[in-house]
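Chains, contacts and geometry: an overview
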Amino acid sequence: MIKRKFNYKSNLAYYEIAEFMRKYINNDSIIVCIGTDKCVGDCLGPLVGTFLEDHNFPLPIYGTLQNPIHALNLDKRLAEINKLHPTSSIIGIDACLGDAKSIGEIHTRDYPIHPGKGVGKSLPDVGVASIIGIIDSSDNAEFFTSRSIRLHLVFEMAKVISHGLIHAYYLNTIIK
């Protein structure tokens, strides 16, 4: 298992994402962004999905602010996605809890997301590769009601992740 970590404030954060994800992103890829807009701490995925749509990203995107994929509909939505795209590979995106010193880190990984793990839920794994953003400390037991998570942090991380995915896709289409 390969995982790369970097802070979203790094000038090369989007490039780090692109370099890692270009191995996994191609014309058969699907982006699945997990989370809900009803909770600041859980809106990283839907923000990424919305930013990608706003940039006319050419791959299928599931999970936006308008149509989120979250714990209550994940099973149903994954079944729909797999039926529509049976041979496609999924890249999963989600917010995550971590060590307090890791808040603001983005991790690119060559393995799936385990949604709900940080809050004690058992949900299906998502993706062949994944990107997570650490938005709060796992010491905070009140993830969904936490007032310490700043929308600005989540917004900026989502911008970096979406730019990295766009860059990865175009690196693959331009440089073969």
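Our subject is the structure that appears above.
A few points on the structure. If you're wondering where the values come from, they're calculated on a predicted model, not measured in any experiment. Starting from 1, residues in each chain are numbered consecutively following that chain's sequence as written. Given that the model is predicted, a residue must reach a pLDDT of at least 70 before its local features are reported, and side-chain atom pairs must reach 80 or more before they are shown or counted; all residues, however, enter totals for whole chains, interfaces and linings. Values shown for side chains rest on all heavy atoms present in the structure; no hydrogens or waters enter the calculation.

**Some thoughts on the sheet that holds strand S3 (residues 61–62)**
Selection criterion: At least two bridges found by DSSP between two strands are what make those strands a pair. The helix and strand labels rest on DSSP assignments: H or I over at least four residues marks a helix, E over at least two residues marks a strand, and numbering proceeds from the N terminus.
One open sheet accounts for six strands, arranged S1-S5-S6-S4-S2-S3; its pairing is mixed. Of all the strands in the sheet, the pair left with one neighbour each is strand S1 (3–7) and S3. Two elements, S1 and strand S5 (residues 105–109), share five bridges in a ladder whose sense is antiparallel. For Arg-4, the partnering residue across the bridge sits in S5 and is Thr-108.

**Overview of the packing of helix H2 (residues 44–54) against helix H4 (residues 151–174)**
In helix packing, the relevant descriptors are the interaxial angle and the interaxial distance, both defined with respect to the helix axes. This is how the line gets drawn: Only C-alpha atoms enter the line fits that serve as axes; for helices the fit covers just the stretch in contact. Angles between N-to-C directions range over 0 to 180 degrees. We call two directions roughly parallel when the angle between them is under 35 degrees, roughly antiparallel when it is over 145, roughly perpendicular when it lies between 65 and 115, and oblique otherwise. Left-handed describes a crossing whose near helix is turned anticlockwise from the far helix by less than a right angle; the clockwise case is right-handed. Every residue pair with non-hydrogen atoms within 4.5 Å of one another is taken to be in contact. Residues are grouped as follows: nonpolar covers Ala, Val, Leu, Ile, Met, Phe, Trp, Tyr, Cys and Pro; charged covers Asp, Glu, Lys and Arg; every other residue, Gly included, is treated as polar.
Following both chains from N to C, one finds H2 and H4 inclined at 50 degrees, their axes separated by 8 Å at the closest point. Taken together, the axis directions place H2 and H4 in an arrangement best described as oblique. Handedness of the H2/H4 crossing: right-handed. Touching Leu-44, Leu-47, Val-48, Phe-51 and Leu-52 of H2 are Val-154, Phe-155, Met-157, Ala-158, Lys-159, Ile-161, Ser-162, Leu-165 and Ile-166, all from H4. Residues belonging to the contact of H2 with H4 are distributed by class as follows: twelve nonpolar, one polar and one charged.

**Some details on the packing of aromatic side chains**
The test is simple: Each Phe, Tyr or Trp ring, with Trp reduced to its six-membered ring, pairs with another whose centre is within 6.5 Å; inter-plane angles below 30 degrees give stacked pairs, above 60 give edge-to-face pairs, and intermediate values give tilted ones. Exposure classes here rest on a 1.4 Å probe applied to the protein chains alone. A residue is buried below 20% of its type maximum, exposed above 50%, and partly exposed in between.
Evaluated as defined, the whole model comprises four aromatic pairs. Taking 5.6 Å as the distance between ring centres and 35 degrees as the angle between the ring planes, the aromatic pair formed by Phe-20 and Tyr-24 counts as tilted. By the burial criterion, Phe-20 is buried, and Tyr-24 matches it. Seen from their ring centres, Phe-57 and Tyr-169 are 5.7 Å apart, and the 65 degrees between their planes marks the pair as edge-to-face. Taken together, the residues Phe-57 in the loop between H2 and S3 and Tyr-169 in helix H4 connect sequence positions 112 residues apart. An aromatic cluster is present here, built from Phe-57, Tyr-169 and Tyr-170 joined pairwise through their rings.

**Looking at H2**
Counting buried residues along H2, nine of its eleven residues qualify, which places the element largely inside the surrounding structure. Those residues of H2 lying buried are Leu-44, Gly-45, Pro-46, Leu-47, Val-48, Gly-49, Thr-50, Phe-51 and Leu-52. Of the surrounding elements, those touching the buried residues of H2 are strand S2 (29–33), S3, strand S4 (89–98), strand S6 (129–137) and H4. Note on H2: the residue one or two positions beyond its end, Asn-56, has a positive phi of about 55 degrees.

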